[in-house]
Amino acid sequence: MDLHFFNTLTHRIEAFVPSSKTVGFYCCGPTVYDFAHIGNFRTFVFADLLRRLLEFKGFKVNHVMNITDVDDKIIQRVNTSTPPTTLSDYTKKYEEAFFEDFRQLNCLEPVRTPHATEYIQQMYDLIAKLLDNGIAYQTPDGSIFFSIQRYMALGGKYGQLVNINFDETKSTERIKNDEYEKESAADFALWKARTENDGNIFWESPWGEGRPGWHLECSAMSSDLLGKTFDIHVGGEDLAFPHHEDEIAQSEGASLCKDGNTAPVPFVKYWIHFSHLLSEGKKMSKSLGNFYTLRDLFSKGFTGREIRYLLLSAHYRESLNFTIDGLNAARSALARLDECLGKLKEIANNINPTENNSQFIQQFDEALSNNINLSQAWSVVFDWVRDLNRLIAENKLSPQDAANELSAWERVNHVLGIKEKSTVSTENIPTEIADLLAARQNARKAKNFAEADLLRDTLKQKGWLIEDTPKGPRLKKI
Ligand code: AMP
Ligand code: ZN
């Protein structure tokens, strides 16, 4: 069955027909100014699921996820940091933390993770094209803006993803002080001239000192790595406008000629937007303060696989309200699955599979092919668990059957990406790790909590989490 999903560009559910067996796939990545919250990760986990699903369907996926390592928020943070720091030192710390969390959620490493600051030349090239065909213009302060009016006059379409009411845009958009010379309120910055607040963070462009606009970064990186037209572009729903609309305008605008006699080269064939994770009924966000980082949840004893399961429990076009109760329910659901997998392993006793339970795989495939219907896919999985439990209870499952079922689960789980539960007993903890744990306990006893925290971090870097339980600390392999 062909994979179907909702394409924001055509506003309907469509069958996915890629241009080749290798799918060009771009996901707007994190802005590395702070720790990402689990709302951000809902988007990245969905992107990961989609990539895995495409692989399950036999495609090769050229998955690109950029790192936004320069933007207004980052610059502001760097310039107000104590002790003083540099752009690269500052962003490196949060990028590392991001990938640590990304791995905890068992997200597959994208094929490419370009940094915006490595693509400044490609951004200049894009600006030069847009200036050349008259779509971009420079204001007296040295900034360069994209003119939506001129773009449309040359045959470009603005408002492909969302309906835009230009009158409303004019009256509601606040024109920032440094943008007062724009021709029109809806125009957006491609290049921002250096201001006092930027400190030492600027580039020497052909048009003067400054820094790139955020929208431009993604257009430059995606076309450089995936070509002028590629298959799938994804992101959280808040990015559809203006970020993605502006990406389309820049990329398609660059393909237009100044005489207006060319049709734009389409930028992306399928746009997919993921609905938000909510907290207390509102979008989880830094600005509202209603967010959890992965680290917050680890310290409450939850694991990456439980969080991944929860994030994947609702449809990608439905928002999901995050609660701790939801995480507890995720834990119980996974315990049911683990118990069944444990029994299968015991019965199979390491023999090789001869075939798969193809009906299970087929039903799972159908559920996800149908607009990525995750709840249907999970009920296929839990029906399978229930049926197997019954067969096992009746002693009707042979070692060969069990091995075959396990192999079917592996196929299915290539898509779901639920990490195996770590089954670590005290016997197989390496001495170095056991020693670090003992040192941490001693530090705690001596009330040297800074030292204890440091040892906890060291253990984490080495891939071990400490869970403090009423019976004392327990180590878990990440
Ligand atoms: P940022 O690091 O702010 O650039 O955001 C990274 C990604 O997280 C973007 O695709 C956002 O759309 C997405 N995002 C932000 N908040 C949420 C949320 N509450 N739920 C789901 N995705 C989100
Ligand atoms: Zn982007």
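Structure first, text after, so check above.
Here the structure is a predicted model, which means the values were calculated and not measured.

Chemist: Explanation requested: the packing of aromatic side chains in the structure shown.
Modeler: The geometry of two aromatic rings is summed up by the distance between their centres and the angle between their planes. Evaluation of the coordinates by the stated rule reveals 28 aromatic pairs. Between Y124 and W191, the ring centres sit 5.6 Å apart and the planes meet at 65°, which makes this aromatic pair edge-to-face. Taken together, the positions of Y124 in helix α4 (residues 120–132) and W191 in strand β7 (residues 188–193) put the pair 67 residues apart, joining distant regions of the chain. By the burial criterion, Y124 is buried, and W191 matches it. When the centroid spacing of 6.0 Å and the interplanar angle of 15° are considered together, the rings of W384 and W409 count as stacked. Of the two residues, W384 is situated in helix α13 (residues 374–393) and W409 in helix α14 (residues 399–416); the sequence distance between them amounts to 25 residues. Both residues of the pair, W384 and W409, count as buried. An aromatic cluster is built from F41, F44, F98, F99 and F102, whose rings are joined through pairwise contacts. The residue whose ring lies beneath K286 is Y33, and the NZ or CZ to ring-centre distance is 5.8 Å.

Chemist: Would you mind going over the pattern of salt bridges with me for this structure?
Modeler: If the charged atoms of two oppositely charged side chains come close together, the side chains can form a pair. Using the criterion set out here, one finds 25 salt bridges in the structure. Residue E100 pairs with R295 through a salt bridge whose shortest N-O separation is 3.7 Å. Of the two residues, E100 sits in helix α3 (residues 87–104) while R295 sits in helix α9 (residues 294–299), which places them 195 residues apart along the sequence. The exposure class assigned to E100 is partly exposed, which follows from its relative accessible area of 31%. Since its relative accessible area comes to 22%, R295 is described here as partly exposed. Taking the shortest distance from any N to any O, the salt bridge between R305 and D338 comes out at 2.7 Å. In this pair, R305 is assigned in helix α10 (residues 304–311) and D338 in helix α11 (residues 324–348), connecting sequence segments 33 residues apart. Taking relative accessible area as the criterion, D338 reaches 18% and is therefore assigned buried.

Chemist: Any chance you could explain the site of ligand 1 here in plain terms?
Modeler: Looking at ligand 1, there are 15 residues lining it, with T31, T43, D238, L277 and M284 nearest. For ligand 1, an oxygen atom lies 2.8 Å from a polar atom in the side chain of T31. A distance of 2.8 Å separates a nitrogen atom of ligand 1 from a polar backbone atom of L277. Across the complex, the protein chains shield 91% of the 490 Å² of accessible surface that ligand 1 would expose by itself. With four residues, the top contributor of residues to the shell around ligand 1 is helix α1 (residues 38–56). Split into classes, the residues belonging to the shell around ligand 1 amount to five nonpolar, eight polar and two charged.

Reading the values: the criteria
Residues numbered from 1 in each chain as written. Chains lettered and ligands numbered in written order. Predicted model: local features only at pLDDT ≥ 70, side-chain atom pairs only at ≥ 80, totals over all residues. Heavy atoms only, no water. Phe/Tyr/Trp six-rings, centres within 6.5 Å; stacked < 30°, edge-to-face > 60°. Helix = DSSP H or I, 4+ residues; strand = E, 2+ residues; numbered from the N terminus. Buried < 20%, exposed > 50% of the residue type's maximum accessible area, 1.4 Å probe, protein only. Lys NZ or Arg CZ within 6 Å of the ring centre and 35° of its normal. Salt bridge = Lys/Arg side-chain N within 4 Å of Asp/Glu carboxyl O. Near = heavy atom within 4 Å. Polar contact = N/O pair within 3.5 Å; in protein donor to acceptor, adjacent residues only side chain to side chain. Areas by Shrake-Rupley, 256 points an atom, 1.4 Å probe, with all protein chains shown as cover. Nonpolar A, V, L, I, M, F, W, Y, C, P; charged D, E, K, R; others polar.

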